[in-house]
Amino acid sequence: MKRSVYIESSVISYLAARPSRDLVIAGHQAVTAEWWKNHRSQYDIYVSSLVEEEISAGDASAAAERLAVIADIPSVSIAPEAESLASAILSSNAVPTNSVRDALHIAIAATQGIDYLITWNFKHINNASTRTMIVNVVSDSGLICPVLCSPEELMGEDDAK
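The present account deals with the structure reproduced in this document. (Residues numbered from 1 in each chain as written. Predicted model: local features only at pLDDT ≥ 70, side-chain atom pairs only at ≥ 80, totals over all residues. Heavy atoms only, no water.)

1. Side note on unusual backbone geometry
Line of reasoning, step 1. A positive phi angle, close to 65°, is found at Asn-93, a residue other than glycine.
Line of reasoning, step 2. Turning to its location among the elements, Asn-93 is positioned in the loop between helix H5 (80–91) and helix H6 (100–111).
Line of reasoning, step 3. According to the relative accessible area criterion, Asn-93 is exposed, its value standing at 53%. (Helix = DSSP H or I, 4+ residues; strand = E, 2+ residues; numbered from the N terminus. Buried < 20%, exposed > 50% of the residue type's maximum accessible area, 1.4 Å probe, protein only.)

Given below as structure tokens:
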């Protein structure tokens, strides 16, 4: 049985974007493309209607490219339990109260029993200083928190170089 991965919007955005001139972003784009091409088949991958909504925003042509990337990826539902868990994550200050969507991504993955949530959002989701708080809130709700990581963290050691 394959492990499952919830793909947060930033991963899709990096995958579908024109190559960046910013070296850090360009590196994230290259790692994302590598993971997508050579590693995603090792997992059952999912998005949600929240991901679809976020990647639909902005330039219509770019949004169409992002949507095409996820066209064949199953979308998990946003259960009422996810909204409740997102509220708990926000009220605990594990994620800032103005970052409702970030808390909801975590909550969707947790309530769906997904193993990993991959993201390039290091500010509010994959953040070493808040990860323990997030895991504790999810655990206190009786769920297992997905591993919050970047695509690079789901690649083999040789591939990440």
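Next, the rest of the story.
2. Topic: the side chain of Thr-119
Line of reasoning, step 1. Looking at the element boundaries, Thr-119 is found in the loop between strand S4 (116–118) and helix H7 (131–140).
Line of reasoning, step 2. A polar contact of 2.6 Å, which involves the side chain of Thr-119, links it to the side chain of Glu-8.
Line of reasoning, step 3. Residues within four places of Thr-119 in sequence aside, it is in contact with Glu-8, Ser-10, Val-11, Ile-125, Asn-126, Cys-149, Ser-150 and Pro-151. (Polar contact = N/O pair within 3.5 Å; in protein donor to acceptor, adjacent residues only side chain to side chain. Contact = heavy atoms within 4.5 Å.)

3. Points about the sheet that holds strand S2 (residues 43–48)
The pairing of strands in a sheet happens through backbone hydrogen bonds and is either parallel or antiparallel.
Line of reasoning, step 1. Strand order in this open sheet of five strands is S3-S2-S1-S4-S5, and the pairing throughout is parallel. Lying at the two open borders of the sheet, with one neighbouring strand each, are strand S3 (75–76) and strand S5 (147–149).
Line of reasoning, step 2. Sheet analysis places S4 next to S5, joined by three bridges and oriented parallel. Bridged to Tyr-116 within S5 is Val-147. (Pairing = 2+ DSSP bridges.)

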